[in-house]
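Here is how the chains run, residue by residue.
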Amino acid sequence: MSEQEPPEQHTIIPADANQSIILPTEMVKRGLDLAAKLERKPVVKNLQTPLRQCPGSYSPACISFSKNGQFALITAWGRHVSGSLHILWNAVDGVRTIAMHQEQQQEFVYSAAVSKNGEFALIGYSDGRILCWNIKNGTAGIYPVDPKDSFPQAVTILPIKFPPYTSFKDERGSAAPQKPKGDFPDFSVTALAISPDERCFAECSRHMYIRIRDLQSGKEIQKMMIGYLDYYTQIAISEDGSQLAAARGVTTTEYGGMLSLITIFDLIGKRKPLMLGGTRIVSATAVTFSPDGRKVVSLEDGGILTVWDARDGKELAHWPHLKAREDARDLISRKAVSPNMRIEFRNPQVWGLSSVAVSPDGERILSGGGDTCMRLWSLDGQQLYEYPHSTRVVRVAFTPDGKQALSGCWDGSAYLWELPQ
Amino acid sequence: MVNSNPDPNPSPSAQASQNQQARFEELSKELAEKELELATLQNELASFETRYARTVGVYFAELDRLDREIARELARLHPEESYQQGYRRAEKKAQTSQEAVDRKLEKEPKTFNPSEELKNLFRKVAKTIHPDLATNEEERAYRTELMARANAAYRDGDAAALEKILYEWEHRDEMKTQAEKQALELDGLDQKIARIQRRLAEIQRKIDEFQKSELHQLMLKVKRAEEQGQDLLSEMAANLQPQIRAAQKYLNHLKQEKGPG
């Protein structure tokens with residue numbers, strides 16, 4: 001029967017150049033490898049409720065977490081709140097300790113820091129003075145602006161047990177801080193960081209300097225010139241205390257010619273400050289070190305996360321924090337800027353306060369900012385998880401075991417989340 | 001051609017032929033469906049290939065071209081045989097990629113998106129004029145030609161051409177009597193069924209081959225990324241720019257070096 005059959009090769013489909021595949025396989029293979037590298041995995045939204053939460057109190061809020069992942073210090077940011085109330089939330093048992101500093105009634109707060117074990121907290125005011133609140137024994141002292149006057153003056157702190165939260169809610173609005181009244185220079189303390197050995201702290205004042213001061217006496221140990229600062233500054237000290245990274249977000253276009261706004265200072269050695277970015281404008285609002293101190297992760301205006309090498313300042317990876325690529329695309333493609341060019345920054349008032357954190361094992365990154373989502377990433381930029389919040393995320397942190405995360409919101413609420421494995 | 005009034009009490013042989021008839025119907029429907037699937041897959045791959053060549057392929061070709069220039073400069077600077085061989089290889093590679101990309105660039109990139117009506121029409125046409133349903137060689141040749149036209153019409157999205165093919169087929173031979181046609185039909189039923197089954201197997205093989213190919217995998221990746229809102233092809237193109245710039249810089253650096261003698 002088969003002899004009479006026509007040959008197997010049917011010519012139904014003509015050997016038309018339009019139909020056949022003519023690209024060399026090698027070119028397709030290269031494309032496939034590249035696509036595998038660049039494709040993004042689908043976003044997994046967190047649907048579980050947080051393990052613990054602290055209800056919102058201030059809006060906007062300045063939140064900082066202790067290194068042991070237990071304590072959150074919540075205070076009003078950039079707004080006048082009567083009595084300067086500071087709340088310490090214990091995530092383990094949910095207890096809130098509130099204190100009111102009676103003397104500083106008219107000052108604004110822009111920065112705060114909690115020690116590792118929640119024993120004391122530093123709060124920086126807009127006139128340059130820093131309050132040190134010893135939570136254990138309920139005392140407090142104020143570091144004066146001029147460190148020559150050394151020892152901090154003792155001040156009264158009123159412990160408050162039953163807070164009427166409703167009276168502390170301030171007006172919501174844009175992210176622009178109210179500027180304190182007074183002449184230039186503005187000594188507002190815009191960023192604070194406590195060193196890992198808790199012997200000194202770094203203070204970033206709006207007037208161009210970062211100062212390392214002794215914790216006990218307030219004396220100035222080191223002073224570094226950084227340049228004009230704004231209210232969206234963040235400082236980070238590496239785990240071994242040898243490096244300090246400072247990130248500045250800029251809200252106006254007066255500072256044409258700046259090439260980079262993340263600077264790494266060498267605290268113990270003699271290396272010159274390293275400015276990150278090179279040909280790309282980096283207006284960062286959040287910065288942190290990896291646990292081994294070799295990498296720096298930053299979050300920029302418009303929401304681009306970048307991983308840098310802390311030694312030579314080279315950019316290792318960057319990816320957008322947001323899903324929408326339009327915002328991020330034109331920032332990524334921005335080329336080298338001549339010193340005379342005016343720079344426009346993409347609406348930092350929308351992005352405003354933000355935060356990044358690196359897990360203790362150095363493998364994962366948490367980032368949170370103006371798009372109200374906290375996202376968990378792997379080190380090469382694959383998004384692993386997304387935690388939606390009700391308002392913008394102001395601070396994120398890992399717990400020391402790397403299994404849980406803390407996040408603080410613009411409205412003063414703080415949450416403890418379970419992380420996926 | 002089908003016996004539209006089946007005998008309610010058929011004899012065993014008539015029963016067998018009715019079963020055959022039913023089986024034949026079923027198989028030819030399946031055949032039409034499979035031809036549609038194969039044609040759709042091929043056209044999708046072809047249009048994706050064009051799109052890929054225009055967005056990313058050009059940059060790969062550019063990289064290959066720069067590699068060739070770099071190899072040329074290196075061959076100039078080092079007279080050893082290995083460098084000369086490297087240059088010849090790079091030249092060949094650059095030529096193949098450039099040719100392939102040029103051929104693809106000539107055409108307009110149209111996404112292949114057939115409507116349901118077009119698909120139904122193609123199914124109907126395939127069922128009617130498929131060459132494996134032919135009863136003799138002459139008819140087979142005619143059917144083959146019609147099928148080729150049908151495939152081209154499907155690729156171009158031309159419903160009018162498909163209708164025209166159907167019309168041509170239906171009016172091809174008004175003269176043959178019903179009995180003659182029927183006689184010719186029933187003889188070839190077994191053979192036709194066998195041919196259809198062979199053709200089905202072949203189509204399945206071709207579809208599997210296409211689906212295993214890297215181009216198909218790439219197409220799936222791009223589609224999935226599009227659903228997520230990511231324009232993967234332009235990201236790939238953007239990713240190649242730094243490599244091209246680095247290669248250009250290296251080439252400029254090499255051009256300035258002085259060769260031996």
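Since the model is a prediction, treat every value here as computed from it, not as a measurement.

**Q** What is the right way to read the overall build of chain A from this model?
**A** Assigned secondary structure in chain A consists of 3 helices and 30 strands. Of the contacts formed within chain A by residues at least 6 apart in sequence, a portion of 52% connects residues at least 24 apart.

**Q** Can you walk me through the overall build of chain B in this structure?
**A** Secondary structure summary: chain B contains 9 helices and 0 strands in total. Taken from N to C terminus, the helices and strands of chain B fall in the order α-α-α-α-α-α-α-α-α. Residue burial in chain B is summarised as follows: out of 261 residues, 40% are buried. Summarising the internal contacts of chain B: among those between residues at least 6 apart in sequence, 77% fall at separations of at least 24. Summed over all atoms, the accessible surface of chain B reaches about 14,500 Å², with 49% contributed by carbon and sulfur.

**Q** Mind showing me how you'd approach the sheet that holds strand S24 (residues 355-358) of chain A here?
**A** The pairing of strands in a sheet comes from backbone hydrogen bonds and takes either a parallel or an antiparallel form. Residue and element names in this part refer to chain A. A sheet is described by the order of its strands in space; here 4 strands give the open sequence S24-S25-S26-S27, paired in antiparallel fashion. Two strands in the sheet have a free side with no partner beyond their single neighbour: S24 and strand S27 (383-388). Adjacent strand axes in the sheet meet at a mean angle of 15° when their direction is disregarded. Pairing of S24 with strand S25 (residues 364-368) involves 4 bridges; the strand directions are antiparallel. Pairing of Ser355 across the sheet is with Gly368, part of S25.

**Q** Sorry if this is basic, but what is going on with the pairing of strand S12 (residues 189-194) of chain A here?
**A** Taken residue by residue, a regular strand's side chains alternate between the two faces of the sheet. Residue and element names in this part refer to chain A. With respect to burial, S12 is a largely interior element, 6 of its 6 residues being buried. Summarising the sheet, S12 and strand S13 (residues 200-205) pair through 5 bridges and their orientation is antiparallel. From the neighbouring strand, Val189 faces S13, where its bridge partner is Ser205. Taking the residues between adjacent antiparallel strands as the criterion, S12 and S13 are bridged by 5 residues, where Glu198 takes a positive phi near 55°.

**Q** It is not clear to me how unusual backbone geometry should be interpreted in this structure. Could you clarify?
**A** Peptide bonds are mostly trans, and most non-glycine residues show a negative phi. Residue and element names in this part refer to chain A. Its identity is not glycine, yet Glu198 carries a phi of approximately 55°, on the positive side. Note that Glu198 resides in the loop between S12 and S13. What makes Glu198 buried here is its relative accessible area of 18%.

**Q** I'm lost on the pattern of salt bridges in this one. Help?
**A** Two side chains carrying opposite charge are able to pair once their charged atoms lie near each other. Evaluated as defined, the whole model comprises 29 salt bridges over all chains. The residue A:Arg30 makes a salt bridge to A:Glu26 at a minimum N-O spacing of 3.7 Å. Taken as a pair, A:Arg30 and A:Glu26 lie in helix H1 (residues 25-38) at a separation of 4 residues, close to a single helical turn. Judged by its relative accessible area of 36%, A:Glu26 falls in the partly exposed class. In this structure, B:Arg149 engages B:Glu168 in a salt bridge whose closest nitrogen and oxygen atoms are separated by 3.0 Å.

**Q** What's the story with the sheet that holds S12(A) in this structure? I'm lost.
**A** Residues and elements named next belong to chain A. Here we have 4 strands laid out as an open sheet, ordered S12-S13-S14-S15, and antiparallel in their pairing. Because the sheet does not close on itself, it has two edges, and the strands there are S12 and strand S15 (220-225). Ignoring strand direction, the axes of neighbouring strands in this sheet form an average angle of 20°. Bridge count between S13 and strand S14 (residues 209-214): 5 bridges; the pairing is antiparallel. By the bridge assignment for S14, Cys204 is matched with Ile210.

**Q** Looking at this model, I keep getting lost on helix H7 (residues 189-212) of chain B. Mind explaining?
**A** An α-helix turns once every 3.6 residues. As a result, residues three or four positions apart point the same way. Between its first and last C-alpha atoms H7(B) spans 34 Å; for 24 residues at 1.5 Å apiece the expected length is 34 Å, and the two agree. Looking only at H7(B), the buried set comprises B:Leu189, B:Lys192, B:Ile193, B:Ala194, B:Arg195, B:Ile196, B:Arg199, B:Leu200, B:Glu202, B:Ile203, B:Ile207 and B:Phe210.

**Q** What's the story with the nonpolar core in this structure? I'm lost.
**A** Grouped together as the largest cluster of nonpolar side chains are 46 residues, with contacts concentrated most on B:Phe48, B:Tyr52 and B:Met236. Every element with two or more residues in this core is listed here: H1 of chain A together with helix H1 (12-77), helix H2 (81-105), H7, helix H8 (214-227) and helix H9 (232-256) of chain B. Counting residues per element, this core draws most heavily on H1(B), which supplies 16 residues. Not counting the four nearest positions on each side in its chain, B:Met236 is found in contact with A:Gly31, A:Leu34, A:Ala35, A:Leu38, B:Tyr52 and B:Val56. A:Phe108, A:Ala121, A:Trp133 and A:Trp410 belong to the second-largest nonpolar core, a separate cluster that totals 24 residues.

**Q** Looking at this structure, I do not really get the packing of H1(A) against H9(B). What am I missing?
**A** The packing of two helices is summarised by the inter-axis angle and the distance between the axes. Interhelical geometry of H1(A) versus H9(B) gives an angle of 105° and a closest axis separation of 10 Å. Between H1(A) and H9(B), the interaxial angle falls into the category roughly perpendicular. Within the contact between the two elements, H1(A) uses A:Gly31, A:Leu34, A:Ala35, A:Lys37 and A:Leu38 and H9(B) uses B:Leu232, B:Glu235, B:Met236, B:Asn239 and B:Leu240. Residue composition of the contact of H1(A) with H9(B), by class: 6 nonpolar, 2 polar and 2 charged.

**Q** Mind showing me how you'd approach the pairing of S24(A) here?
**A** Neither face of S24(A) is left uncovered, since the one carrying A:Ser355 and A:Ala357 and the one carrying A:Val356 and A:Val358 both have all their residues buried. Where S24(A) folds back on S25(A), the antiparallel hairpin that results is connected by 5 residues, among which A:Gly362 adopts a positive phi of roughly 75°.

**Q** Explain H1(A) to me, please; I cannot follow it from the model alone.
**A** The end-to-end C-alpha separation of H1(A) is 20 Å, in line with the 20 Å expected for 14 residues at 1.5 Å each. Regarding H1(A), the residues found buried are A:Met27, A:Val28, A:Gly31, A:Leu32, A:Leu34, A:Ala35 and A:Leu38. For H1(A), the secondary structure elements touched by its buried residues are H1, H2, H8 and H9 of chain B.

**Q** Just checking my understanding: could you explain the environment of A:Asn137 for this structure?
**A** Residues and elements named next belong to chain A. Relative to the assigned elements, Asn137 resides in the loop between strand S8 (130-134) and strand S9 (139-143). Taking the relative accessible area as the measure of exposure, Asn137 reaches 52% and is therefore exposed. Residues Asn137 and Glu119, 18 residues apart in the sequence, show an inter-C-alpha distance of 9.0 Å.

**Q** Just checking my understanding: could you explain the environment of B:His253 for this structure?
**A** All names here are of chain B. Among the structural elements, His253 can be located in helix H9. Since its relative accessible area comes to 43%, His253 is described here as partly exposed. For the pair formed by His253 and Ile70, sequence separation is 183 residues and the distance between their alpha carbons is 9.9 Å.

**Q** Please explain the confidence of the model for chain A as it appears in this structure.
**A** Low-confidence regions, as indicated by low pLDDT, have predicted coordinates that should not be scrutinised in detail. Residue and element names in this part refer to chain A. The share of residues in chain A with pLDDT of 70 or more is 67%, and the mean pLDDT across the chain is 73. A low-confidence stretch, residues 251-259 stays under pLDDT 50, and its non-local contacts, those more than four residues away or across chains, total 25 contacts. In this model, residues 324-350 is a region of pLDDT below 50 whose contacts with residues beyond four sequence positions or in other chains number 55 contacts.

**Q** Looking at this model, I keep getting lost on the packing of aromatic side chains. Mind explaining?
**A** By convention here, two paired aromatic rings are described through the distance between centres and the angle between planes. All names here are of chain A. Taken as a whole and judged by the stated rule, the model has 9 aromatic pairs over all chains. Geometrically, the ring pair formed by Tyr143 and Phe201 is tilted, given 5.3 Å between the ring centres and 50° between the ring planes. Linking Tyr143 in strand S9 with Phe201 in strand S13, this pair joins segments that are 58 residues apart in sequence. The same class applies to Tyr143 and to Phe201, which are both buried. With 5.7 Å between their ring centres and 40° between their planes, Tyr415 and Trp417 make a pair best called tilted. You can call Trp417 buried: its relative accessible area is 6%. By way of ring pairs, the aromatic residues Tyr385, Tyr387, Tyr415 and Trp417 are connected into one cluster.

**Q** What's the story with the environment of A:Ala35 in this structure? I'm lost.
**A** Looking at where A:Ala35 falls in the secondary structure, it is placed in helix H1. Residue classification places A:Ala35 among the buried positions, given a relative accessible area of 0%. Leaving out residues up to four positions away in the same chain, A:Ala35 has contacts with B:Leu218, B:Lys221, B:Leu232 and B:Met236.

Parameters and conventions
- Residues numbered from 1 in each chain as written.
- Chains lettered and ligands numbered in written order.
- Predicted model: local features only at pLDDT ≥ 70, side-chain atom pairs only at ≥ 80, totals over all residues.
- Heavy atoms only, no water.
- Helix = DSSP H or I, 4+ residues; strand = E, 2+ residues; numbered from the N terminus.
- Contact = heavy atoms within 4.5 Å.
- Buried < 20%, exposed > 50% of the residue type's maximum accessible area, 1.4 Å probe, protein only.
- Areas by Shrake-Rupley, 256 points an atom, 1.4 Å probe, with all protein chains shown as cover.
- Pairing = 2+ DSSP bridges.
- Axes fitted to C-alpha atoms, helices over the stretch in contact; angles between N-to-C directions.
- Salt bridge = Lys/Arg side-chain N within 4 Å of Asp/Glu carboxyl O.
- Expected span 1.5 Å × (residues − 1).
- Core = buried A, V, L, I, M, F, W, Y, C linked by side-chain atoms within 4.5 Å.
- Parallel < 35°, antiparallel > 145°, perpendicular 65-115°, else oblique.
- Nonpolar A, V, L, I, M, F, W, Y, C, P; charged D, E, K, R; others polar.
- pLDDT = per-residue confidence, 0-100.
- Phe/Tyr/Trp six-rings, centres within 6.5 Å; stacked < 30°, edge-to-face > 60°.

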